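Each chain, written out:
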Amino acid sequence: MGRAAATAGGGGGARRWLPWLGLCFWAAGTAAARGTDNGEALPESIPSAPGTLPHFIEEPDDAYIIKSNPIALRCKARPAMQIFFKCNGEWVHQNEHVSEETLDESSGLKVREVFINVTRQQVEDFHGPEDYWCQCVAWSHLGTSKSRKASVRIAYLRKNFEQDPQGREVPIEGMIVLHCRPPEGVPAAEVEWLKNEEPIDSEQDENIDTRADHNLIIRQARLSDSGNYTCMAANIVAKRRSLSATVVVYVNGGWSSWTEWSACNVRCGRGWQKRSRTCTNPAPLNGGAFCEGMSVQKITCTSLCPVDGSWEVWSEWSVCSPECEHLRIRECTAPPPRNGGKFCEGLSQESENCTDGLCILDKKPLHEIKPQRWSRRGIENASDIALYSGLGAAVVAVAVLVIGVTLYRRSQSDYGVDVIDSSALTGGFQTFNFKTVRQGNSLLLNSAMQPDLTVSRTYSGPICLQDPLDKELMTESSLFNPLSDIKVKVQSSFMVSLGVSERAEYHGKNHSRTFPHGNNHSFSTMHPRNKMPYIQNLSSLPTRTELRTTGVFGHLGGRLVMPNTGVSLLIPHGAIPEENSWEIYMSINQGEPSLQSDGSEVLLSPEVTCGPPDMIVTTPFALTIPHCADVSSEHWNIHLKKRTQQGKWEEVMSVEDESTSCYCLLDPFACHVLLDSFGTYALTGEPITDCAVKQLKVAVFGCMSCNSLDYNLRVYCVDNTPCAFQEVVSDERHQGGQLLEEPKLLHFKGNTFSLQISVLDIPPFLWRIKPFTACQEVPFSRVWCSNRQPLHCAFSLERYTPTTTQLSCKICIRQLKGHEQILQVQTSILESERETITFFAQEDSTFPAQTGPKAFKIPYSIRQRICATFDTPNAKGKDWQMLAQKNSINRNLSYFATQSSPSAVILNLWEARHQHDGDLDSLACALEEIGRTHTKLSNISESQLDEADFNYSRQNGL
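Identification of the chain as Netrin receptor UNC5 from Pan troglodytes is taken from an unreviewed UniProt entry. Among the UniProt annotations of the chain, the heading Function (unreviewed entry) holds the following wording: "Receptor for netrin required for axon guidance. Mediates axon repulsion of neuronal growth cones in the developing nervous system upon ligand binding." Turning to the chain, the UniProt annotation filed under Sequence similarities (unreviewed entry) states: "Belongs to the unc-5 family."

And the structure:
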């Protein structure tokens, strides 16, 4: 019967009475069979009785004691009269058992359940060759049954890992193996891997395997696998973290394909041609090696010089033909044109009469030809005479019409009625239609409307001008000066149609801080120069082609600023090698732009040149260029372009592109560009939708005319850039003009609708405006795709009496179906009573070139600590990438990854963006939010600033 075998008497054994069992067993046979071990005091079975052996429904499980908490071991058997625990070979006392008895309804057998508690002290006090163990023994009428042995152990997990993972730098697509041996523990710890504090799920990524002896294996490294890896060990007692291992997946640079060979640089003779390639296939990332080899190849070339063709001498005259003509020819072979040379100019064949008029036609002398032919020829001559007579009559009629217009103009020279005022307008404007005489004029707004010239009267005058240096004052006499390409059709006393000839276009822009900068800055004012007359000798005015500034910079770096233009250049510390110094210059082209727009592309910034071009910097410098676009990636596609040595413009990058050669950060009014080579740069924009907006600055200037009763208003619409408005101010200084109202911004949409400028609410009986000039309209193309010359419209007002010294009116500038601005003019026309209006803050004109530490807002010692902190990768990702994010730099981070110190380049960009405000508090707050530094920039001690040669005030953020 196995364990339940019945025991028989005999063997001279003694009877043992077990009162705590409540049963009497004859154990002598058992003792004789098993020996005298006191641990086996209970019999293996009960004397034979009807029934079955106990069957364990639940056996005790292995258990772990956590800290000082006891554990419970449980047994359940059927049928069972009694169940007791035996631990480490000894019976557990009856008082330590807790038992329950139930009846199995299906079988009618008794089910008994017993459990005991085992404490930490009991386990610690046991000293044996094996772990502390317990098992159950159950009795029934048929015999006994024993359960499995359940071990009881004290759970723990040591603190130190036997092996921490080590950081690695691996090439892309290489294998990454991170080893981890968790701390010793009971039960054995389970291992989990974290990447940047996020669990790694190897089941979702087939490229990752974490099953091999707790190691992390990445079969093919990807850029996204760069990060901080941590091994996490845990059991039922505690969790342990290993040291973080930084994995950097780098990309070695690879050359792109060679470009095609360029054309030979000379048109004739020996020269060179080149081809280039870039280290962008792929670009080096995360410290990867740069491409080895040359990026440019040059070879010599020889261009065949073009040879223009030349005529041979004429051949002899041919024999006289029946048609009474003879011929001679010549050929273009002395020499023939070669290598693209020009072909000979002129005729290759020549003919003439060979009988001196005595030619015989149809074998008859000429005087015998039938008179019918001559009569027909006479009729043709008569019709020619009639044609010429008609043309002569037309010329006479035109002359009479011109004389009539001149007489009418003289008869109306004293006409002074206010042609257009707000009381005579609906919504402030009358209907105006441009009608040009030329066919296909690009300025014609409504090409479907053909000009009606049947009742038109022709006048001329410079209604809307572009450059005040090139135009004269628009007085009553000049309004009707002959100008063949402008027609004015009088439809009624309040409706005028103007057709303006095609002219050169304008382009420029302005900056938000140009007017004014704030109450805490000093402002300059503009005064007229001794009543300088408007009409001047243009040859006496200086011609400006560029603004220019220079400075000498060395290893400490510095900042070069073009006063009142919004253009600046930041040379970082260390960009120039030690013991070297360079004279660096910067200029702005104020002449005709060399960048010619293609298609719908428009120039959005000035053309800025910085040099010398052969200078090499070790760290990217920051160039700040103002622009006039209302920045929106949905409406604009903005490009940075550079002029080559051949004078051509090529695209460097789109502002939204990812590039490792340069970086563009587009702010609302300026673009900050990180570059490593000097040259000429400009911003262009391609409108994507009609909602693309250019920001225009509108301003009104006034001055007295040579006629003491006349007063001139000039309204300017220029691109919203500081340099564009500075050019207007400079021109007005020469004209003796006075700024009458603070300039305002006008949002000009690319919806093809024109711009209207009108003078409203002129005081009646005090002032009157010249005829046909109260409202002027500028075509869309002239405003949108304009050149650098300032666009303005002139209005001439006349006083009724010399005693009128105050002028009050409104200037309305609006785009049809667009934005509108009102300039309120209230001024005295007398210079002594006139209130001057500030127009420029001279905050950056005192020191155009600053060198050394005082050129920077962040002290050098603080800057070094920031770079040392953020250039080092961090387990929580608090490195230079988070520094860039806190400074609103969220795009093209691969550019910074290629730099030796990404944090230093980010701080250089911060310096370029905050050259005016120096808002160090915002930078300090960003660093505090990241939590990587405990030094607040706003609390820098005065000794630190003196040490770095800085002298900042509280309002600069210190």
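Now that the structure has been shown, we can carry on.
J.: In this structure, what is going on with the packing of aromatic side chains? I would like to understand it.
T.: Centre distance and the angle of the planes are the two values used to describe a pair of aromatic rings. With the rule as written, the count across this model stands at 14 aromatic pairs. Seen from their ring centres, F748 and F780 are 5.6 Å apart, and the 20° between their planes marks the pair as stacked. Residue F748 is located in strand β47 (residues 744-749), and its partner F780 is located in helix α6 (residues 780-784); the two are separated by 32 residues in the primary sequence. Residue F748 is classed as buried on the basis of its relative accessible area of 1%. With a centroid separation of 5.6 Å and 20° between ring planes, the pair formed by F780 and W784 is classed as stacked. Taken as a pair, F780 and W784 lie in helix α6 at a separation of 4 residues, close to a single helical turn. The buried category is assigned to F780, whose relative accessible area is 13%. Through pairs of rings, three or more aromatic residues link up here, namely W636, F748, F780 and W784. Taking NZ or CZ as reference, K149 lies 4.0 Å from the ring centre of W133, over its face. Sitting over the face of the ring of F725, K697 holds its NZ or CZ atom 5.2 Å from the ring centroid.

J.: Teacher, can you tell me more about the state of the cysteines here?
T.: Formally, a disulfide is one covalent bond, and it connects the sulfur atom of one cysteine to the sulfur atom of another. Applying the stated criterion across every chain yields a total of 8 disulfides. For C75, the disulfide goes to C136, at an S-S distance of 1.7 Å. Here the S-S torsion is close to 90°, and the disulfide linking C75 with C136 is therefore right-handed. Taken as a pair, C75 in strand β5 (residues 71-78) and C136 in strand β10 (residues 132-139) lie far apart in primary sequence, 61 residues in all. Its relative accessible area of 0% is what places C136 among the buried residues. Two residues, C279 and C291, share a disulfide whose sulfurs are 2.0 Å apart. Judged by the sign of its S-S torsion, about 80°, the cystine formed by C279 and C291 is right-handed. In this pair, C279 is assigned in the loop between β24 (269-276) and β25 (296-303) and C291 in the loop between β24 and β25, connecting sequence segments 12 residues apart. No disulfide involves C812; its sulfur sits 8.5 Å from that of C775, the nearest cysteine.

Reading the values: the criteria
The residue numbers shown here count from 1 along each chain, following its written sequence. Given that the model is predicted, a residue must reach a pLDDT of at least 70 before its local features are reported, and side-chain atom pairs must reach 80 or more before they are shown or counted; all residues, however, enter totals for whole chains, interfaces and linings. No hydrogens and no water enter the side-chain calculation; it runs on all heavy atoms of the structure. UniProt positions are given in the numbering used here, feature names are shortened, and annotations may be inferred rather than shown by experiment. Ring pairs are drawn from Phe, Tyr and Trp, using the six-membered ring of Trp, whenever the two centres fall within 6.5 Å, and their geometry is named by plane angle: stacked under 30 degrees, edge-to-face over 60, tilted for the rest. Strands here are runs of E lasting at least two residues and helices are runs of H or I lasting at least four, both read from the DSSP assignment and numbered beginning at the N terminus. Categorising residues by exposure relies on relative accessible area from a 1.4 Å probe, with only protein chains included: less than 20% of the type maximum marks a residue as buried, more than 50% marks it as exposed, and the intermediate range marks it as partly exposed. Either the NZ atom of lysine or the CZ atom of arginine qualifies as a charge over a ring when it sits within 6 Å of the ring centre and within 35 degrees of the ring normal. Note on terminology: disulfide denotes any pair of cysteine sulfur atoms within 2.5 Å.

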